[in-house]
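Listed below, chain by chain, are the residues.
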Amino acid sequence: MKYFAALPLVASLAAAQYSSVAASAAAGAMTHTVTVGGVVANPTGTPTPNLLYQPESIVANVGDMVEFVFLQANHTVTQSSFANPCVKMEGGVDSGFMPNPSGSPGVNFMMPVTVSTPTWFYCKQKGHCGKGMVFAVNAMTTGDKTFSAYKQLAIVQNGTALSTAAIVATPATQVASTVTIEAGSVTAAAASATVAVGQGQLGDGSACSCECLCGVNSFPPSAAQGNFGGFAGMLSK
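The rules behind the values
Residues numbered from 1 in each chain as written. Predicted model: local features only at pLDDT ≥ 70, side-chain atom pairs only at ≥ 80, totals over all residues. Heavy atoms only, no water. Core = buried A, V, L, I, M, F, W, Y, C linked by side-chain atoms within 4.5 Å. Buried < 20%, exposed > 50% of the residue type's maximum accessible area, 1.4 Å probe, protein only. Helix = DSSP H or I, 4+ residues; strand = E, 2+ residues; numbered from the N terminus. Phe/Tyr/Trp six-rings, centres within 6.5 Å; stacked < 30°, edge-to-face > 60°. Salt bridge = Lys/Arg side-chain N within 4 Å of Asp/Glu carboxyl O. pLDDT = per-residue confidence, 0-100. Contact = heavy atoms within 4.5 Å. Pairing = 2+ DSSP bridges.

Draft legend 1. View of the nonpolar core. Ranked by internal contacts, the top residues of the largest apolar core, which has 20 residues, are Tyr53, Phe68, Phe70 and Phe135. Of all the secondary structure elements, the ones that give two or more residues to this core are strand S1 (31-36), strand S6 (65-70), strand S10 (108-112) and strand S12 (134-137). By residue number, the principal contributor to this core is S6, which donates three residues. Listed in part, the 11 residues of the second largest apolar core include Trp120, Val134, Ala136 and Ala154.

Shown next, in the form of structure tokens:
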């Protein structure tokens, strides 16, 4: 009888010990901050997009968090495989596009570290991956699958699998803007379309520009349906 009476006490001690270990593990979790994009001055002093994650590679434990802080421009954190650095992994992590044209604070994305094996990421904004905008967690430091090898492979492949960035909803703060557009003259008889260029100002005072496809025309065979901005890929960069 004494043996059975002692079982609840043993179970309680084991549960308390487990809770203590779990609490210690949780207390030891870290948050790694990584900045994404931004603007730097080139040698001539001209502001230039900074196509980098900083730092580009980190070492983290399972249970840690990675906080991506999106600076100026519009970038993503998208998971890929090592072999295809510029192609989204099926079912992988994807922050979606995080536009921050004025570099305002508060455009962040939190990612938990769930595995101890290497994981690979890139920016799916058109052309950025091919310029080396990639990131890794727990990349190998020796062998043929280091971060340097991953970045070089992204540059060699030149982002050939990328497509034009879509317009998506984001948690970024919206600001009021005004735009004045001067459209080109179009007649119904001409049955053609023109591109109207506009200049304006965002709510924070910074300048902006836009282009609109105006007039009458039929969709050419190469144009896709459901694309934002009229004829897909037919406006000037």
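Draft legend 2. Highlighting the packing of aromatic side chains. This model, assessed by the stated rule, comprises seven aromatic pairs. Taken together, a centroid distance of 4.7 Å and an interplanar angle of 40° make the contact between Trp120 and Tyr150 tilted. Of this pair, Trp120 sits in strand S11 (residues 119-122) while Tyr150 sits in helix H2 (residues 147-157), placing them 30 residues apart in sequence. Exposure class is identical for Trp120 and Tyr150. Each is buried.

Draft legend 3. Layout of the pattern of salt bridges. For the structure shown, the criterion picks out two salt bridges. For the salt bridge of Asp94 with Lys124, the shortest nitrogen-to-oxygen distance reads 2.7 Å. Note that Asp94 is positioned in the loop between strand S8 (78-80) and strand S9 (98-100) and Lys124 in the loop between S11 and S12, a separation of 30 residues in sequence. Among the residues examined, Asp94 registers a relative accessible area of 25% and is labelled partly exposed.

Draft legend 4. Local environment of the confidence of the model for the protein. Per-residue pLDDT for the protein has a mean of 74; in total, 55% of the residues score no lower than 70. Here residues 1-25 scores under 50 on pLDDT; set against residues more than four positions off or in separate chains, the count is zero contacts. Confidence drops under a pLDDT of 50 for residues 160-181, and excluding neighbours within four residues, the segment shows 45 contacts in the predicted structure.

Draft legend 5. The arrangement of the pairing of S11 in detail. Every second residue of S11 is oriented toward a common face, with Thr119 and Phe121 on one face and Trp120 and Tyr122 on the other, all of them buried. Here S11 runs beside S12; their pairing, made up of four bridges, is antiparallel. Looking across to S12, one finds that Phe121 is bridged to Phe135.

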